[in-house]
Amino acid sequence: MLKHSLASIPVSPLTAAIAVASFSLSSQVAASETLTLYTSQPNSDAQQTVDAFEAAYPDIEVEWVRDGTTRLMTRLRSELSAGVSNPDVLLIADSMTMESLKQEGHLQPYLSDERNGYDADLYDPEGYYYGTKLITTGIVYNTGAEHQPQSWQDLLGPGYEGLVTMPSPLYSGAALIHMAAMTANPDLGMEYYEALHENRTEAQGGNGGVFNAVATGTKPYGIVVDFLPIREAAKGSPVEFVFPEEGVSAVTEPVAIMEGTENVDAAQTFVDFVLSRQGQELVSRQGYLPAHNDVAPPDGFPERESINLMPLDTARALEQAAELKARFSELFGS
């Protein structure tokens, strides 16, 4: 029987070109990866984030699961206790949750080169998680209200008695971080929350309820995350948002890589993307304050330099979380 090696078979230039193209295509298919993302972003934001990433890196497909941070962490911890780690990457609301996962050994460090565009207090020094945006908590007032508060202390005045509402840290992660930052401020402290109680400030579930109460005039003043009133004011809602002069707290929506991922390169690429100028410009287009120092904020926000961010010791805040919640419950009920 006559045998030929492939090298000995005559090949036309067209056949060679087809072969090279076929090999290239098969290589692309083989190189494609699937990355699993768990996120607490709103559905539309999550879809935009995934679409932008896949457009920049078409060889990486992202499958994503979206839920509120509390329910998402319940699901993740249940999976971990069963010996399963489904997500490769997390993009969730707050740094306290990330810090707890770090301390439990569920995250892996990655020192992204993109971190150079960020203030050092916006990411874990070892690279376990990185803040991707600044969702600050400040003051909102109805434009028909008698007063226009400019500071946290204003809300304690007699003209505000019984007229202020705020989210509860028993339900809102942003409210818990806000309470941790406020009580750590030597000029405010736990005494500030006690004074809010004395002035008959009302606590309710989340930020959405606070905003709705102020927008409808049920309560003329509120403590709330920034993007709700800024976004809705641009649509004609009768509200005004204030960054108080003493400073604001911020939820940073950090991104992190799970310790057990088998897709390390793809996961690191995703982290780099959301931290990059391209990823941060998407954050701004979505109506949030980017964490990157050099990316302009969206319409309705002041210049970054004018916003005074209160410092937050995330590890300390995590230690105090139960104590803060208990004290809030004593003052405002559950």
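Residues numbered from 1 in each chain as written. Predicted model: local features only at pLDDT ≥ 70, side-chain atom pairs only at ≥ 80, totals over all residues. Heavy atoms only, no water.

Engineer: Looking at this model, I keep getting lost on helix 11 (residues 314-332). Mind explaining?
Structural biologist: A turn of α-helix holds 3.6 residues, and therefore any two residues three or four places apart point the same way. Taking the largest bend as the criterion, helix 11 deviates by roughly 55°, centred on Gln320. Those residues of helix 11 that fall on the buried side of the exposure criterion are Thr314, Ala317, Gln320, Ala321, Leu324, Phe328, Leu331 and Phe332. In the core, the buried residues of helix 11 are packed alongside helix 4 (95-103), strand 7 (164-167), helix 5 (173-184), helix 6 (189-198) and strand 8 (202-204). One or two residues past the end of helix 11 sits Gly333, with phi positive at roughly 85°. (Bend = angle between axes of the 7 residues up to and from the residue. Helix = DSSP H or I, 4+ residues; strand = E, 2+ residues; numbered from the N terminus. Buried < 20%, exposed > 50% of the residue type's maximum accessible area, 1.4 Å probe, protein only. Contact = heavy atoms within 4.5 Å.)

Engineer: Explain the packing of helix 9 (residues 264-275) against helix 10 (residues 277-285) to me, please; I cannot follow it from the model alone.
Structural biologist: Two packed helices can be described by the angle between their axes and the distance between those axes. Running from amino to carboxyl end, helix 9 crosses helix 10 at an angle of 55°, the nearest separation of the two axes being 4 Å. Overall, the two elements helix 9 and helix 10 adopt an arrangement that is oblique. Across the interface between the two elements, Phe273, Val274 and Leu275 from helix 9 touch Arg277, Gln278, Gly279 and Gln280 from helix 10. (Axes fitted to C-alpha atoms, helices over the stretch in contact; angles between N-to-C directions. Parallel < 35°, antiparallel > 145°, perpendicular 65-115°, else oblique.)

Engineer: Even after reading the chapter, I still don't get the pairing of strand 7, so can you show me in this structure?
Structural biologist: Of the two faces of strand 7, the one lined by Val164 and Met166 and the one lined by Thr165 and Pro167 are each fully buried. Bridge analysis of strand 7 against strand 9 (residues 221-225) gives 2 bridges, and the strand direction is parallel. Across the sheet, residue Thr165 finds its bridge partner in strand 9, namely Gly222. In the sheet, strand 7 pairs with strand 8 via 3 bridges, with the strands oriented parallel. Opposite Met166, over in strand 8, you have Ala203 as the bridge partner. (Pairing = 2+ DSSP bridges.)

Engineer: What is the right way to read the pattern of salt bridges from this model?
Structural biologist: When the charged atoms of two side chains lie near each other, side chains of opposite charge can form a pair. Overall, the coordinates contain 11 salt bridges when judged by the stated rule. The closest approach of N and O atoms between Arg316 and Glu319, which form a salt bridge, is 3.3 Å. A residue pair is termed a helical-turn pair when its members lie 3 or 4 positions apart in one helix, as Arg316 and Glu319 do in helix 11 at 3 residues. We classify Glu319 as exposed; its relative accessible area is 59%. In this structure, the salt-bridge partner of Arg327 is Glu330, at a minimum N-O distance of 2.9 Å. (Salt bridge = Lys/Arg side-chain N within 4 Å of Asp/Glu carboxyl O.)

Engineer: So what exactly am I meant to see when it comes to the environment of Ala233 here?
Structural biologist: Mapped onto the secondary structure, Ala233 falls in helix 8 (residues 227-234). On a C-alpha basis, the gap between Ala233 and Phe301 in space is 12 Å, while along the polypeptide they are 68 residues apart.

Engineer: What is the right way to read empty space enclosed by the protein from this model?
Structural biologist: One pass over the structure, following the stated rule, counts 3 cavities of 30 Å³ or more. Computed from the structure, the largest cavity encloses a volume of approximately 90 Å³. What lines the largest cavity is a set of 13 residues, among which Gln41, Thr49, Val274, Gly279 and Val283 lie closest to the centre. Sorting the residues of the lining of the largest cavity by element identifies helix 9 and helix 10 as the ones contributing at least two each. The leading source of residues in the lining of the largest cavity is helix 10, at 4 residues. (1 Å grid on protein atoms, 1.4 Å probe; cavity = no way out; pocket = protein on both sides within 12 Å on 5 of 7 lines; lining within 4 Å. Points joined across faces, edges and corners; volume = space filled by probe spheres on them.)

Engineer: Quick question: what am I supposed to make of the packing of aromatic side chains here?
Structural biologist: The geometry of an aromatic ring pair is captured by the separation of the ring centres together with the interplanar angle, meaning the angle of the planes. Summed over the entire model, instances satisfying the criterion amount to 11 aromatic pairs. Judged by centre distance (5.3 Å) and plane angle (35°), the rings of Phe53 and Tyr57 are tilted. On the numbers, 6.2 Å between centres and 85° between planes, the contact of Tyr192 with Tyr193 is edge-to-face. Here Tyr192 and Tyr193 have matching classes, each one buried. Ring-pair connections join several aromatic residues into one group, and the members of that group are Phe53, Tyr57, Phe270 and Phe273. The positively charged end of Lys133 is found above the aromatic ring belonging to Tyr288, 4.0 Å away from the centroid. In this structure, Arg231 packs its charged tip against the face of Tyr288, placed 5.3 Å from the ring centre. (Phe/Tyr/Trp six-rings, centres within 6.5 Å; stacked < 30°, edge-to-face > 60°. Lys NZ or Arg CZ within 6 Å of the ring centre and 35° of its normal.)

Engineer: Would you take a moment to explain the nonpolar core for this structure?
Structural biologist: One broad trend across soluble globular proteins is that nonpolar side chains are buried collectively. Among the nonpolar cores identified, the biggest contains 77 residues, and Trp152, Leu155 and Tyr193 are the most heavily contacted of them. Those residues in contact with Tyr193, other than ones at most four positions away along the chain, are Met166, His178, Met179, Met182, Thr183, Phe328, Leu331 and Phe332. Counting 13 residues, the second-largest nonpolar core is a separate cluster that includes Tyr38, Leu72, Met73 and Met98. (Core = buried A, V, L, I, M, F, W, Y, C linked by side-chain atoms within 4.5 Å.)

Engineer: Looking at this structure, I do not really get the packing of helix 6 against helix 11. What am I missing?
Structural biologist: Where helix 6 contacts helix 11, the two axes come as close as 10 Å, and the packing angle between them is 20°. Between helix 6 and helix 11, the angle is such that the two are roughly parallel. Along this stretch, helix 6 crosses helix 11, giving a crossing that reads as right-handed. Facing helix 6, whose interface residues are Met190, Tyr193, Glu194, Leu196 and His197, helix 11 presents Leu324, Arg327, Phe328, Leu331 and Phe332. (Left-handed = near helix turned anticlockwise from the far one by under 90°.)

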